[in-house]
Amino acid sequence: MTSSQSASFFQSTFLNLRRDFFSSKIGGTVSLLLLTLLIFVLWTAFDWAILRAIWLAEDHQLCKLDDAGACWSVIAARWRLILFGLYPYDEHWRSALGCFAVVLTVVLSCIPRFWSAKKIGTIWLLGYGSFYILMQGGIFGLSSVSIDQWGGLALTVFVFASVAVIGMPLAVILLLMRRSEMPIISQTTGVIIDVVRALPLLTILFAAAVVLPFVIPGWMHGDKLYRVILGFALFFACYQAEILRGGVQAVAAGQEEAAKALGLSYWHRVSRIVLPQAFRAALPPTINQFVVTFKDTSIITIIGFFEILASGAAAFGSAEWGFAYVEVYVFIGLIYFSFVFCLSRYGAYLERRHTIATR
Amino acid sequence: MTTAPEEIAIEISEMNMFYGNFHALKDINLKVKTGERIVVCGPSGSGKSTMIRCINRLEEHRSGTITVYGTELNDDLSNIDEIRCETGMVFQNFNLFPHMTVLENCTLAPMLVRKMSRTVAEKIALGFLEKVQIPEQADKFPGQLSGGQQQRVAIARALSMNPKIMLFDEPTSALDPEMIAEVLDVMASLARDGMTMVCVTHEMGFAREIADRVVFMAEGEIVEEAPPEEFFKDPKTARAKTFLSQVLGH
Ligand SMILES: Nc1ncnc2c1ncn2[C@@H]1O[C@H](COP(=O)(O)OP(=O)(O)OP(=O)(O)O)[C@@H](O)[C@H]1O
Ligand SMILES: [Mg+2]
């Protein structure tokens, strides 16, 4: 870039700024006020979180001083409790690896290159297999850890990934049943979806955890965690089925006719023509649904699971750290943010990918 | 005169079709021989689309019979599949699959339905894309093509299944005038190759040039059936006369 080019670049930026923010007296005043406010807020946050912060665990006495900022000592001292919950201390590496296995599985299955039934199936089998072996133990010389002791980030990620991987196919099945030409099937499905959507998530999870064991035979009980995941997945699926139905309505009627005219079978029409287009049309609300679901995993605390928000609460639960809850929540907030941010970037990537493809 | 049964491509007899209570097709009788080229015309709403859509079960007839190469169209799904494999269809709105490239559009059904390998299917598809004169567009997406190009892809896609019969439902009606000719050219060359064709169109020049027979429909009935010279010069019915004067009038 030559100097004259860069000069004109700055000049045009300046002109644009002046046009957008300072075109009138009132506009200019408001702009200035807001700018001052913004700088003030950012500076306060920066001052609190960085400049006056106490970083080391052994310095935690300093946190009590009047001019102390954020007390990150709490994170330094208690991060293992936050991330791993009640999982046995010496086995934390297993929880970390298990968490990594699930995250890797999710990331790999987001890559278009692996989108075939066989590859995705293998990835999930390996990912879940290693998660289960690592977390549960009992073989390969790993000590056995009961599900009650699972917790923290590993549990949050596991519940989210399981809900998604069970809920998505279930959503497709519900969608197809809802679209069935047989009124009994489509209407029954419609009622199921409406009922499940009408219930609060918490009710469904409680029913799965507490009520279900009374109504199904003992050998089907499984662990409470798995029942809760299934209930959660059903809830997810009912919402997602409706999202996908919206997507299907955006697919032109001629598409299915053309596929019929070519002799494609029902399954091929659905899997090659209708669903791929429906998923594209429904992408933004689908990503939204994933984000909501990720955050909703925190609700399982109430049924007695020690996911990351609960283990965070435990981290400042002792008298010693009781004052440092803001820092703990900021830390957990950042973890949530990084996951959700990745999800929404991924959504943006997918949207870009097929606008380029179809332009 | 008797024709050997295998020479009869499509036989429709006493066929009735209803949309709910609306009687859309009334006692349709039509025989199409192998290699014959039929042009179907008639005023809007006369049931032309409905009739050819019955032939591959995009619409379901209520009574009468439709037989395609000896296979009767009934509730037997394998019969329906068989007939759909033997008949290609081209729609007014192209109906290409927007999420697939041109080549993928043409290889999908041969690979899934005819169980061809990808290499064979691509070779065949490229052959037909060449025939419709757009082999260079094979890797583009439908949205990147002009209307005329899209319709030619749709023809190539139907041909890639190697059908014995081609059905056209107003293939040029959604096209800008300058693109109509390129599509009609492709259709005319298909006709010269001896393809059995049933074609709903308002392109009377095309009908005159390539049709063996013109079928004129009105209000759900076949009103008149005649070779094009006869139909255009000397239509028998008043309704056909009115229709022709409207279509050819300007
Ligand atoms: N899905 C439908 N439901 C109810 N009635 C229909 C449906 N499709 C078509 N019809 C009616 O059936 C009659 C025949 O329609 P069809 O589309 O076959 O006419 P067409 O001859 O192809 O007309 P055009 O030249 O306008 O395409 C029309 O009166 C139309 O209103
Ligand atoms: Mg029509």
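Here, every reference points to the structure presented above.
Residues numbered from 1 in each chain as written. Chains lettered and ligands numbered in written order. Predicted model: local features only at pLDDT ≥ 70, side-chain atom pairs only at ≥ 80, totals over all residues. Heavy atoms only, no water.

Peer 1: Which parts of the structure should I look at to understand the packing of aromatic side chains?
Peer 2: Ring pairs (aromatic) are described by centroid distance and by the angle formed between their planes. Under the definition given, this model contains 24 aromatic pairs over all chains. Aromatic pair F294 of chain A and F339 of chain A: ring centres 5.1 Å apart, planes at 20 degrees, arrangement stacked. Highlighted residues: F294 of chain A in helix 12 (residues 283-296) and F339 of chain A in helix 14 (residues 325-358), separated in sequence by 45 residues. On the basis of relative accessibility, which here comes to 2%, the residue F294 of chain A falls in the buried class. Its relative accessible area of 25% is what places F339 of chain A among the partly exposed residues. Taken together, F160, F236, F290, F294, Y336 and F339 of chain A form an aromatic cluster joined through their ring pairs. Its guanidinium or amino end placed over the ring of F305 of chain A, K224 of chain A lies 5.2 Å from that ring's centre, counting from NZ or CZ. Cation over ring: R208 of chain B sits above F232 of chain B, and NZ or CZ is 4.6 Å from the ring centre. (Phe/Tyr/Trp six-rings, centres within 6.5 Å; stacked < 30°, edge-to-face > 60°. Helix = DSSP H or I, 4+ residues; strand = E, 2+ residues; numbered from the N terminus. Buried < 20%, exposed > 50% of the residue type's maximum accessible area, 1.4 Å probe, protein only. Lys NZ or Arg CZ within 6 Å of the ring centre and 35° of its normal.)

Peer 1: Would you mind going over the pattern of salt bridges with me for this structure?
Peer 2: Side chains bearing opposite charge may pair, as long as their charged atoms lie close to each other. All names here are of chain B. With the rule as written, the count across this model stands at 20 salt bridges over all chains. The residue E36 makes a salt bridge to R213 at a minimum N-O spacing of 3.0 Å. A residue pair is termed long-range when its members are at least 10 positions apart, and E36 in the loop between strand 2 (22-33) and strand 3 (37-41) and R213 in strand 9 (residues 213-218) qualify at 177 residues. Across the pair, R213 and E36 agree in class, each one buried. (Salt bridge = Lys/Arg side-chain N within 4 Å of Asp/Glu carboxyl O.)

Peer 1: Just checking my understanding: could you explain the sheet that holds strand 3 of chain B for this structure?
Peer 2: To summarise the sheet geometry, strands pair through backbone hydrogen bonds and adopt either a parallel or an antiparallel arrangement. Residue and element names in this part refer to chain B. The strand order across the open sheet built from six strands is 6-7-8-3-9-10, with neighbouring strands paired in mixed fashion. Each edge of the sheet is formed by a strand with only one pairing partner; in this case those strands are strand 6 (87-90) and strand 10 (221-226). In this sheet, adjacent strand axes meet at a mean angle of 20 degrees when their direction is disregarded. With four bridges joining them, strand 3 and strand 9 adopt parallel strand pairing. Within strand 9, the position partnered with I38 by the bridge is R213. Across the sheet, helix 5 (residues 147-159) lies against strand 6 and strand 7 (165-169), angled at about 170 degrees from strand 6, the strand it touches most. Its contacts with the sheet place helix 6 (residues 177-192) against strand 3, strand 7 and strand 8 (196-200), and it is angled at close to 145 degrees to strand 8. (Pairing = 2+ DSSP bridges. Axes fitted to C-alpha atoms, helices over the stretch in contact; angles between N-to-C directions. Contact = heavy atoms within 4.5 Å.)

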